[in-house]
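One letter stands for each residue in the lines below.
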Amino acid sequence: MSKLDITKLPTVMRSNNWERGAQLMEKWFSDPSNSSPSNGIASTDIITMDWVLGFSRARQVYDTLISERIWLNEAARREIVKLLKRKNALGSGKQRFLLPRMLQSMENEAIQFRVIGGNLDMLVGPMDDLRAALGNFTFRLVVAGTVEAEMTEKKVASGPAPKVPTGNYLVTIEEVGIYVKDSYDFNDAAGEDQDLGNWNFESNSVGRTGLNGGFNVRNSDFRKWRSANGKGGDFLIYSDMRVLKQTTNNTFLFKP
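Criteria and thresholds
- Residues numbered from 1 in each chain as written.
- Predicted model: local features only at pLDDT ≥ 70, side-chain atom pairs only at ≥ 80, totals over all residues.
- Heavy atoms only, no water.
- Phe/Tyr/Trp six-rings, centres within 6.5 Å; stacked < 30°, edge-to-face > 60°.
- Helix = DSSP H or I, 4+ residues; strand = E, 2+ residues; numbered from the N terminus.
- Buried < 20%, exposed > 50% of the residue type's maximum accessible area, 1.4 Å probe, protein only.
- Core = buried A, V, L, I, M, F, W, Y, C linked by side-chain atoms within 4.5 Å.
- Salt bridge = Lys/Arg side-chain N within 4 Å of Asp/Glu carboxyl O.
- Pairing = 2+ DSSP bridges.
- Contact = heavy atoms within 4.5 Å.

A. Representation of the packing of aromatic side chains within the structure. Summed over the entire model, instances satisfying the criterion amount to 16 aromatic pairs. Consider the rings of Trp28 and Phe222, whose centres lie 5.4 Å apart with planes at 80°: the pair is edge-to-face. Residue Trp28 is found in helix α2 (residues 19-30), and its partner Phe222 is found in helix α9 (residues 219-229); the two are separated by 194 residues along the sequence. For Phe222, a relative accessible area of 0% translates into the label buried. Here the aromatic rings of Tyr169 and Phe254 are separated by 5.8 Å at their centres, their planes lie at 25°, and the arrangement is stacked.

Pasting the structure below:
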């Protein structure tokens with residue numbers, strides 16, 4: 001019986017029209033050996049928001065976070081306030097804060113997220129290119145806008161009333177950026193070894209059980225390949241950013 005050759009998995013993916021999954025796996029095989037995704041060579045040009053939103057389970061989560069305006073819920077407001085403090089943006093005048101574009105800044109300035117997928121989805125969800133490429137992943141949100149001290153008129157005996165700060169700040173969200181982030185790795189918790197399905201190189205099919213024939217593939221097979229070949233680099237995945245303009249119901253007050 002032939003031995004398992006995991007470098008054939010991208011060929012099976014392409015036979016099933018899983019092009020993005022194949023590209024990401026080929027990147028992993030060609031990248032330098034690395035088991036820490038944050039230290040790897042990030043992928044920024046394979047996954048796009050348009051492509052992800054072509055899958056109904058991702059679109060449903062996206063549409064829900066939009067309808068719920070999660071960038072203005074209580075959890076998001078707390079994160080925005082922390083962000084503004086880190087930026088030293090709480091002064092006497094109006095300060096503008098922009099959408100981050102550098103990967104590390106995006107990581108540091110995300111104020112909300114939503115997960116797509118989960119254990120049940122991995123067990124019974126569709127076998128498609130989204131699963132091959134990302135498995136479970138997150139939509140992450142960043143914001144841009146202005147912050148200014150709230151002012152009120154101070155009563156005086158005569159003459160024009162001067163404006164003085166109330167101690168509150170007004171935040172206006174003008175843009176919301178949404179992007180995909182995922183970790184492409186084959187790491188496991190102690191004592192675990194994730195099952196990646198049964199891959200049949202003769203029929204170019206993938207199944208969840210041995211009924212599919214072929215080879216059962218697990219995370220450890222990739223770790224063994226890395227040890228034997230000196231390549232195989234874990235990495236982070238970022239999509240492009242979809243930007244939503246905000247013009248109404250986009251403000252909140254807070255007291256530091």
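B. Examining the nonpolar core more closely. Val52, Leu134 and Phe139 are the most contacted members of the largest nonpolar core, which has 62 residues in total. Here this core gets seven residues from one element, more than from any other, and that element is strand β4 (residues 163-184). Counting nine residues, the second largest nonpolar core, distinct from the first, contains Val142, Ala144, Tyr179 and Leu236.

C. Region of interest: the pattern of salt bridges. A complete count under the given rule lists 15 salt bridges for this structure. One salt bridge connects Arg223 with Asp188, and the closest N-O pair in it is separated by 2.7 Å. Residue Arg223 is located in helix α9, and its partner Asp188 is located in the loop between β4 and β5 (195-200); the two are separated by 35 residues in the primary sequence. On the basis of relative accessible area, Asp188 is assigned to the partly exposed category, the value being 25%. Taken together, the shared-partner salt bridges connect Arg14, Glu19 and Glu26 into one network.

D. Representation of the pairing of strand β10 (residues 251-254) within the structure. The alternating pattern of β10 places Phe252 and Phe254 on a buried face, while none of Thr251 and Leu253, on the opposite face, is buried. Pairing analysis gives four bridges linking β4 to β10, with the strands arranged antiparallel. Each residue of the ladder has a partner; that of Val171, found in β10, is Phe252.

E. Structural detail: α9. Taken as a whole, α9 has its buried residues at Asn219, Ser220, Asp221, Phe222, Trp225 and Arg226. Elements that come into contact with the buried residues of α9 comprise α1 (9-15), α2, β5 and β7 (215-218). Phi turns positive one or two residues past the end of α9, at Gly230, with a value near 70°.

F. A look at the environment of Lys3. Considering the arrangement of structural elements, one finds Lys3 in the segment before α1. The exposure class assigned to Lys3 is exposed, which follows from its relative accessible area of 76%. For Lys3 and Leu236, which are 233 residues apart along the polypeptide, the C-alpha to C-alpha distance reads 30 Å.

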